[in-house]
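Examination of the molecular architecture
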Amino acid sequence: MEVPGGTVDAGENLETALFREVKEEADLTDVKIISYLGDNEYISRTTGERIIRHNYHMYFNGQSRDAFQVIVESNDKDNGWLYDYEWVSLSQGEELKLADKLQPGLIQLRKRILH
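Residues numbered from 1 in each chain as written. Predicted model: local features only at pLDDT ≥ 70, side-chain atom pairs only at ≥ 80, totals over all residues. Heavy atoms only, no water.

**Observations concerning a nonpolar patch on the surface**
On the surface, Val8, Leu14 and Tyr36 cluster together to form a nonpolar patch covering roughly 240 Å² of accessible area. Residue Leu14 is classed as partly exposed on the basis of its relative accessible area of 34%. (Patch = residues over 30% accessible without salt bridge, like charges linked within 9 Å, V, L, I, M, F, W, Y side chains within 5 Å. Areas by Shrake-Rupley, 256 points an atom, 1.4 Å probe, with all protein chains shown as cover. Salt bridge = Lys/Arg side-chain N within 4 Å of Asp/Glu carboxyl O. Buried < 20%, exposed > 50% of the residue type's maximum accessible area, 1.4 Å probe, protein only.)

Here it is in structure tokens:
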């Protein structure tokens, strides 16, 4: 399981890149930042480069179906990629598993909103 993410382009700050990536990869625009959850670092398996992933707690105030698909429209290598999304609950008993590089952000989010 994945969540929207990407790189900060030249001239962008973290928040500008965040909103752009959420729009490109999930087609969501009516979002706002609740809080910054911190970052985690890892080495890319494909390129070997050091990646710093910044994690945010965001609020979506728009209309959406429970599950939806998005075809990415960007100027990057992910242009044309198809993403399948679904909204899920972060209830106490449910253990969600994200891709390993994303799990630290989910753990921080659960701590922030469930405790």
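Back to the write-up after that little detour.
**Quick word on the environment of Gln69**
Along the chain, Gln69 falls in strand β3 (residues 67–71). Gln69 sits 27 residues away from Tyr42 along the chain, and the two C-alpha atoms are 28 Å apart. Each residue touching Gln69, except ones within four places of it in the same chain, is listed here: Leu82, Tyr83 and Asp84. One polar contact links Gln69 to Asp84, side chain to side chain, over a distance of 2.6 Å. (Helix = DSSP H or I, 4+ residues; strand = E, 2+ residues; numbered from the N terminus. Contact = heavy atoms within 4.5 Å. Polar contact = N/O pair within 3.5 Å; in protein donor to acceptor, adjacent residues only side chain to side chain.)

**Examining the pattern of salt bridges**
The tally for this structure, following the rule as stated, stands at 6 salt bridges. Note that Lys23 is salt-bridged to Asp27, the shortest N-O span being 2.4 Å. Overall, Lys23 belongs to the partly exposed group, its relative accessible area being 39%.

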